[in-house]
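Structural description and commentary
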Amino acid sequence: MRLGIGYDIHPLKAGRKLILGGVDIPFSKGLLGHSDGDVLLHAIMDAVLGAAGAGDIGDFFPDSDSRYKNADSLLFAGRIRALLKKKGLKVKHVDSTLLAEAPKLSDYKKKMRENIAKAFELPPARVGVKAKTNEGFGAVGKGKAIACFAVVSLG
Ligand code: MG
């Protein structure tokens, strides 16, 4: 079995859309990044690439490339799924933990799981999305950033 781990963090800024797991979440701030700043998809994609022995998302979608400015991370996920197919691999299971002081994410977890499941062609029951606060500690706890951890297995 192949396992991969991923982590990402992006700063929260006023005037940006908040996109997590491909879901547009109403909030006063959004994640700043070269792409849409979707930390959940970024952490998952890094985990997938790690498990595939294929590098990291910076190798595929460098932030120096203007084509990826404000890009939809779900499109990146489609590209990575295609790469896996070429290698004869498939995502079997995803688990993830989002760390965000605000907004409350529980209402959006189901849709995030569905989007991730669709992007990597596996059943939603094999996709875990958990959300918690950082209990006030650090940049995440002060509401200045959102971070995410992810683990995947490939078969
Ligand atoms: Mg990122």
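Overview of the structure. (Residues numbered from 1 in each chain as written. Predicted model: local features only at pLDDT ≥ 70, side-chain atom pairs only at ≥ 80, totals over all residues. Heavy atoms only, no water.)

Attention shifts here to the overall build of the protein. Helix and strand content of the protein: five helices and seven strands. Along its sequence from the N terminus, the protein presents helices and strands in the succession β-β-β-β-α-α-α-β-α-β-α-β. Against the compact-globule benchmark of 15 Å for 155 residues, the protein has a radius of gyration of 15 Å, which places it among compact chains. Counting every position in the protein, which comprises 155 residues, the buried fraction comes to 46%. By element, 56% of the accessible surface of the protein is carried by carbon and sulfur atoms, the whole surface being about 7800 Å². (Helix = DSSP H or I, 4+ residues; strand = E, 2+ residues; numbered from the N terminus. Rg over C-alpha atoms; globule rule 2.2 N^0.38 Å. Buried < 20%, exposed > 50% of the residue type's maximum accessible area, 1.4 Å probe, protein only. Areas by Shrake-Rupley, 256 points an atom, 1.4 Å probe, with all protein chains shown as cover.)

With that settled, consider the packing of helix α3 (residues 73–86) against helix α4 (residues 109–120). Two numbers describe how α3 lies on α4: the axes approach to 8 Å, and their chain directions differ by 35°. Residues L74, A77, I80 and R81 of α3 form the contact with α4, whose participating residues are N115, K118, A119 and F120. Per-class residue counts for the contact of α3 with α4 are five nonpolar, one polar and two charged. (Axes fitted to C-alpha atoms, helices over the stretch in contact; angles between N-to-C directions. Contact = heavy atoms within 4.5 Å. Nonpolar A, V, L, I, M, F, W, Y, C, P; charged D, E, K, R; others polar.)

Enumeration according to the criterion identifies five aromatic pairs in this entry. Geometrically, the ring pair formed by Y7 and F149 is tilted, given 4.9 Å between the ring centres and 45° between the ring planes. Within this pair, whereas Y7 is found in strand β1 (residues 2–14), its partner F149 is found in strand β7 (residues 145–154), the two being separated by 142 residues in sequence. Take Y7: its relative accessible area is 41%, and that puts it in the partly exposed class. Judged by centre distance (4.1 Å) and plane angle (10°), the rings of F61 and F76 are stacked. Of this pair, F61 sits in the loop between α2 (57–60) and α3 while F76 is found in helix α3, placing the two residues 15 residues apart along the sequence. We note that F61, like F76, is buried. An aromatic cluster of at least three residues, connected via ring pairs, comprises F60, F61, Y68 and F76. (Phe/Tyr/Trp six-rings, centres within 6.5 Å; stacked < 30°, edge-to-face > 60°.)

Within the protein, the atoms that donate to the magnesium ion are D8 (OD), H10 (NE2) and H42 (ND1), at distances of 2.1 to 2.2 Å. Read in sequence order, the donor residues coordinating the magnesium ion give the pattern D-x1-H-x31-H. Of the two residues, H10 is situated in strand β1 and H42 in helix α1 (residues 39–52); the sequence distance between them amounts to 32 residues. Given a relative accessible area of 5%, H42 falls into the buried group. (Donors = N, O, S within 2.8 Å, 3.2 Å for Na, K, Ca; no water.)

Scope: geometric values only; no functional claims are made or implied.
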